[in-house]
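# Observations on the model geometry
The primary structure of each chain is shown beneath.
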Amino acid sequence: MRVLVKGAGVAGLTAAFELAARGAAVTIAETRHGLGGNASWMAGGMLAPWCERESAEQPVLDLGRDAADWWDAVLPGHVTRAGTLVLAMPRDAGELDRFASRTLGHRRVDEDEIASLEPDLAGRFRRGLLFPDEAHLDPRQAMAALHDRLAAMGVEFRFGADARHGSGFDRQIDCTGMAAVDDRLRGVRGEMLILRTPDISLSCAVRVLHPRLPLYAVPRADTQFMIGATMIESQSAGPVTARSMMELLGAAYAVHPAFGEAEIVETGVGVRPAFPDNLPRVEARGTTVTINGLYRHGFLLAPAMARRAAELIFGHDKSVELAHETDRQRRSA
């Protein structure tokens, strides 16, 4: 079976892997001239289904709980299983209690345990929540490594290609995100910074709660940290605004003053595609399957969505003509 995958973001790459692993001859067509520049490239890379349950519905947890295992199996060595540490300033202690009441899979940690987990945060936070089963990865390294693995599996990449026409293919998978023709989608803008400082070290992803601007800091290689992210109802992909820059830097400084002396390596904006319920969809129409609406959960939910798309392509789920995994789970909950 010959399958054309449109889009080389995380949805397209994971779908291509699931298809190729099942024996399909896969071609990926991407309008950009290489990896990067899309919402996946700007992602935080947190594989944190239990944390996300605080603001997301149950299907996000159900679909994302195996994501770290999928990435670890496909790209050994790229997943850091250090958990997620959720913190709040003393004045925002109520936010921590609220977060705890809406999530599972955590245990409360006091000042001493926070210092044991992250020595550079010693004395800065009195209590927090540890989600020990969560993980993170570097999206850019993961996408590059997945590209290489797919190429080794015989997947053809066509960068700078017009993928509007799919002649010569048995099936197509549309993973084009905001570029897809779908009036149900809206854009959610996320702004982020990459900072570099050798004066602080973190092992796990850290979330700091705030009533107005929650922040996460995800450690990356070369003493870098991804700091994010805003959530703005906008399809604008313009540069980071001055206000967002000040808010993100101020929040990072509150985590640790060393961030005040950090180098600003990069600023970035990603526009995440979302449906009205903020849940993803895998849908089949004729010979085309679409994966879209991953919202802020791209790396977390892409493996499950890719598996469902491959099942539809290979006819393993005959009962689902219009595959909408999240709606099914919500109805049965």
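Presented here is a report on the structure given in the accompanying data block. Computed from a prediction, not measured in an experiment: that's the story for all the values here.

Scoring rules and cut-offs
Residues numbered from 1 in each chain as written. Predicted model: local features only at pLDDT ≥ 70, side-chain atom pairs only at ≥ 80, totals over all residues. Heavy atoms only, no water. Helix = DSSP H or I, 4+ residues; strand = E, 2+ residues; numbered from the N terminus. Rg over C-alpha atoms; globule rule 2.2 N^0.38 Å. Buried < 20%, exposed > 50% of the residue type's maximum accessible area, 1.4 Å probe, protein only. Contact = heavy atoms within 4.5 Å. Areas by Shrake-Rupley, 256 points an atom, 1.4 Å probe, with all protein chains shown as cover. Phe/Tyr/Trp six-rings, centres within 6.5 Å; stacked < 30°, edge-to-face > 60°. Lys NZ or Arg CZ within 6 Å of the ring centre and 35° of its normal. Axes fitted to C-alpha atoms, helices over the stretch in contact; angles between N-to-C directions. Parallel < 35°, antiparallel > 145°, perpendicular 65-115°, else oblique. Left-handed = near helix turned anticlockwise from the far one by under 90°. Lys, Arg positive; Asp, Glu negative; His and termini not counted. Salt bridge = Lys/Arg side-chain N within 4 Å of Asp/Glu carboxyl O. Pairing = 2+ DSSP bridges. Core = buried A, V, L, I, M, F, W, Y, C linked by side-chain atoms within 4.5 Å. Polar contact = N/O pair within 3.5 Å; in protein donor to acceptor, adjacent residues only side chain to side chain.

## A closer look at the overall build of the protein
- Scanning the protein from terminus to terminus reveals 10 helices and 17 strands.
- By the compact-globule yardstick of 20 Å for 333 residues, the protein fits well, its C-alpha radius of gyration being 20 Å.
- Summarising its shape, the C-alpha atoms of the protein cover approximately 60 × 45 × 35 Å along the three principal directions.
- Buried positions account for 57% of the 333 residues belonging to the protein.
- Nonlocal contacts in the protein, meaning residues at least 24 apart in sequence, comprise 76% of its contacts between residues at least 6 apart.
- As displayed, the protein offers around 14200 Å² of accessible surface, 49% of which is attributable to carbon and sulfur atoms.

## Considerations on the packing of aromatic side chains
- Applying the stated rule across the entire model yields 6 aromatic pairs.
- Ring geometry for Phe-99 versus Phe-131: centroids 6.0 Å apart, planes at 85 degrees, classification edge-to-face. Of this pair, Phe-99 sits in helix α5 (residues 93-101) while Phe-131 sits in strand β6 (residues 127-131), and the two are 32 residues apart along the sequence.
- Ring geometry for Phe-157 and Phe-159: centres 5.7 Å apart, planes at 15 degrees, overall stacked.
- Using a relative accessible area of 18% as the deciding quantity, one classes Phe-157 as buried.
- You can call Phe-159 partly exposed: its relative accessible area is 28%.
- One aromatic cluster in this structure is built from Phe-17, Trp-70, Trp-71 and Phe-299.
- Stacked on the ring of Phe-169, the Lys or Arg Arg-2 has its end atom at 4.5 Å from the ring centre.
- If you follow Arg-281 out to its NZ or CZ, it ends over the ring of Phe-275, 4.3 Å from the centre.

## Details of the packing of helix α1 (residues 10-21) against helix α9 (residues 298-313)
- Where α1 meets α9, the axes come as close as 8 Å, and the angle between the chain directions of the two elements is 45 degrees. Classified by the angle their axes make, α1 and α9 are oblique. Seen along the crossing, α1 lies across α9 with a hand that is right-handed. Here α1 contributes Val-10, Ala-11, Thr-14, Ala-15, Glu-18 and Leu-19 to the contact with α9, which in turn contributes Gly-298, Phe-299, Ala-302, Ala-306, Arg-307, Ala-310 and Ile-313.

## Examining the environment of Gly-270
- Position of Gly-270 among the secondary structure elements: in strand β15 (residues 263-274).
- Taking the C-alpha atoms as reference, Gly-270 lies 31 Å from Arg-2; in sequence the two are 268 residues apart.
- In contact with Gly-270, other than residues within four places in its own chain, are Ala-39, Met-42, Val-188, Arg-189 and Gly-190.

## Some details on the side chain of Asp-138
- Within the fold, Asp-138 resides in the loop between β7 (135-136) and α7 (139-152).
- No salt bridge is formed by the buried Asp-138; its nearest oppositely charged neighbour, Arg-220, is found at 4.1 Å.

## Points about the sheet that holds strand β1 (residues 2-6)
- Sheet architecture is open: 6 strands sit in the order β8-β2-β1-β9-β17-β16, paired in mixed fashion. Across the chains shown, the open sheet's two edge strands, defined by having one partner strand only, are β8 (156-159) and β16 (281-285). Shown here is a sheet whose adjacent strand axes are inclined to one another by a mean of 20 degrees, direction ignored.
- Two strands pair when backbone bridges link them, and strand β9 (residues 171-174) and strand β17 (residues 288-292) are joined in this way by 3 bridges, in the parallel orientation. Within β17, the position partnered with Gln-172 by the bridge is Thr-288.
- Helix-sheet contacts for α9 involve β1, β9, β16 and β17, and the interaxial angle to β17 is about 170 degrees.

## A short note on the nonpolar core
- Ranked by size, the top nonpolar core spans 54 residues in total, and within it Ile-28, Trp-71 and Ile-173 carry the most contacts.
- A per-element tally of this core places α9 first, with 11 residues.
- Non-local contacts of Trp-71, meaning those with residues more than four positions away in its chain, are made with Val-10, Thr-14, Leu-47, Pro-76, Val-79, Leu-137, Ala-142, Leu-146, Phe-299 and Pro-303.
- Of all hydrophobic cores here, the second largest spans 26 residues; its members include Val-208, Phe-225, Ile-227 and Leu-248.

## A look at the side chain of Thr-197
- In this structure, Thr-197 sits in the loop between β10 (186-196) and β11 (205-209).
- A polar contact of 3.1 Å, which involves the side chain of Thr-197, links it to the backbone nitrogen of Asp-199.
- The contact partners of Thr-197, leaving out residues within four places of it in the chain, are Thr-223, Phe-225, Ala-258, Phe-259 and Ala-262.

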